[in-house]
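Structural overview
Listed here are the chains, written in short residue letters.
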Amino acid sequence: MKLIGTTTSPFVRKVRVVLAEKKIEAEFQIDSPWTPDTHVPDVNPLGKIPVLILDDGSPMFDSRVIVEYLDNVTPNNKLMPAPNRERMEVKRWEALADGVCEAGVAAFLEGKRPKNEKSPAWIKRQREKITRSLDFMAGELGEGTWCMGTHFSLADVAVGVALGYLDFRFPDIDWRVAHPGLARVYEKLMQRPSFAETVPQE
C-alpha cells in the first residue's frame, strides 16, 4: 500500500497514526494538492489528501473511510468496537475532532490570503467552532485515561491529531490551561511512538 499526503495535514497524520498502531506497512509519498505539479487529482478526483493506494492499485480517500478500512485489515489493536452504541460514540468523537481540524485548516488558509482579500469574520467563525468543540470535548471527557474511558480507541487518535494541529498552527489557543483533561489525554498520547513520530512539520 501507498499513502499519499503531507506531513502537515492532520487528516494524513490520523491515517499515519492508525497505520503505526495497527503495525501496517505502507509507503509514504509526499504530495500536496496545493502545489502546481501535484498528482493528487490523478488519484482522487476531489483533489484532497490523504489518498491510500491499495495493493491492487485502487485509490481510497477520505481519512474516515481509510482508517475504518485499516482497522479491519488486521485483527490486532482494534481501534473501533463492533457496531453498537459504543461504536457510534467513537465515530462521534472522530467527527467532532475532524471538524476541529477542518475549521483550523479553513482559518489557516484564509489567514494566508492577501490582506485585502481575507475575511476576518470567516476566520473568527472558524475559531469559534474550535472553541465550542474543545468545550464540548472537555465536557464529555470522563475521569478515565482515554476518551472512551479505560481503553485506547480511534476517538483518542482523532482528538490527539486535532489537538496537535492546534499546537502546530494556532499556538495562541491555550487549550491546555482551559481544558486540563484534554491536556492529560494528549500527554499520554505523545508517549506513544505513533504520535511522537508523526508530529506535523513544514
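Residues numbered from 1 in each chain as written. Predicted model: local features only at pLDDT ≥ 70, side-chain atom pairs only at ≥ 80, totals over all residues. Heavy atoms only, no water.

The name given to the chain in an unreviewed UniProt entry is Glutathione S-transferase, with Azospira inquinata as the source organism.

**Some points on helix α8 (residues 180-189)**
Note the following rule: Relative accessibility under 20% of the residue-type maximum defines a buried residue, over 50% an exposed one, and the middle range a partly exposed one, all with a 1.4 Å probe and only protein chains included. What counts as a helix is a DSSP run of H or I of at least four residues, what counts as a strand is a run of E of at least two, and both are numbered from the N terminus. By construction, the arc corresponds to the directions joining the helix axis to the C-beta atoms. Any pair of residues with heavy atoms lying within 4.5 Å of one another is described as a contacting pair.
Taken together, the buried positions of α8 are L182, A183, V185, Y186 and L189. Seen along its axis, α8 keeps its buried residues to an arc of 165 degrees; they face one direction. Facing away from the buried side of α8 by more than 90 degrees, the exposed set consists of P180 and E187. Among the structural elements, α1 (10-22), α5 (120-140), α6 (154-169), α7 (175-178) and α9 (193-196) are those in contact with the buried residues of α8.

**A closer look at the sheet that holds strand β4 (residues 59-61)**
To keep things clear, this is the line we draw: When DSSP finds at least two bridges between two strands, those strands are taken to pair. Interaxial angles span 0 to 180 degrees and are taken between N-to-C directions of axes, which are lines fitted to C-alpha atoms, for helices over the stretch in contact.
The strand order across the open sheet formed by 4 strands is β2-β1-β3-β4, and the pairing between neighbours is mixed. Taken across any chain shown, the strands that pair with only one partner, and hence form the sheet edges, are β2 (27-30) and β4. Neighbour-to-neighbour, the strand axes of this sheet turn through a mean angle of 25 degrees, independent of strand direction. Strand direction decides the pairing type here: strand β1 (residues 2-5) and strand β3 (residues 51-53), joined by 3 bridges, are antiparallel.

**Observations concerning the pattern of salt bridges**
Here is the rule: Salt bridge, as used here, is a side-chain nitrogen of Lys or Arg placed within 4 Å of a carboxyl oxygen of Asp or Glu.
As enumerated under the stated definition, the model contains 17 salt bridges in all. Put simply, R127 and D172 hold a salt bridge, and the shortest N to O gap is 2.4 Å. Of this pair, R127 sits in helix α5 while D172 sits in the loop between α6 and α7; the two residues are 45 residues apart in sequence, bridging distant segments of the chain. For R176, the salt bridge identified is with D167, shortest N-O distance 2.6 Å. Residue class for R176 comes out partly exposed when judged on its relative accessible area of 37%. Through salt bridges with shared partners, one network takes in K14, R64, E94, D98 and E102.

**Looking at unusual backbone geometry**
Between I49 and P50 the backbone carries a cis peptide bond, its omega angle lying at 5 degrees. Positionally, P50 belongs in the loop between α2 (40-43) and β3. Phi angles above zero are rare outside glycine, and K23 is one such case at about 55 degrees. Mapping K23 onto the fold places it in the loop between α1 and β2.

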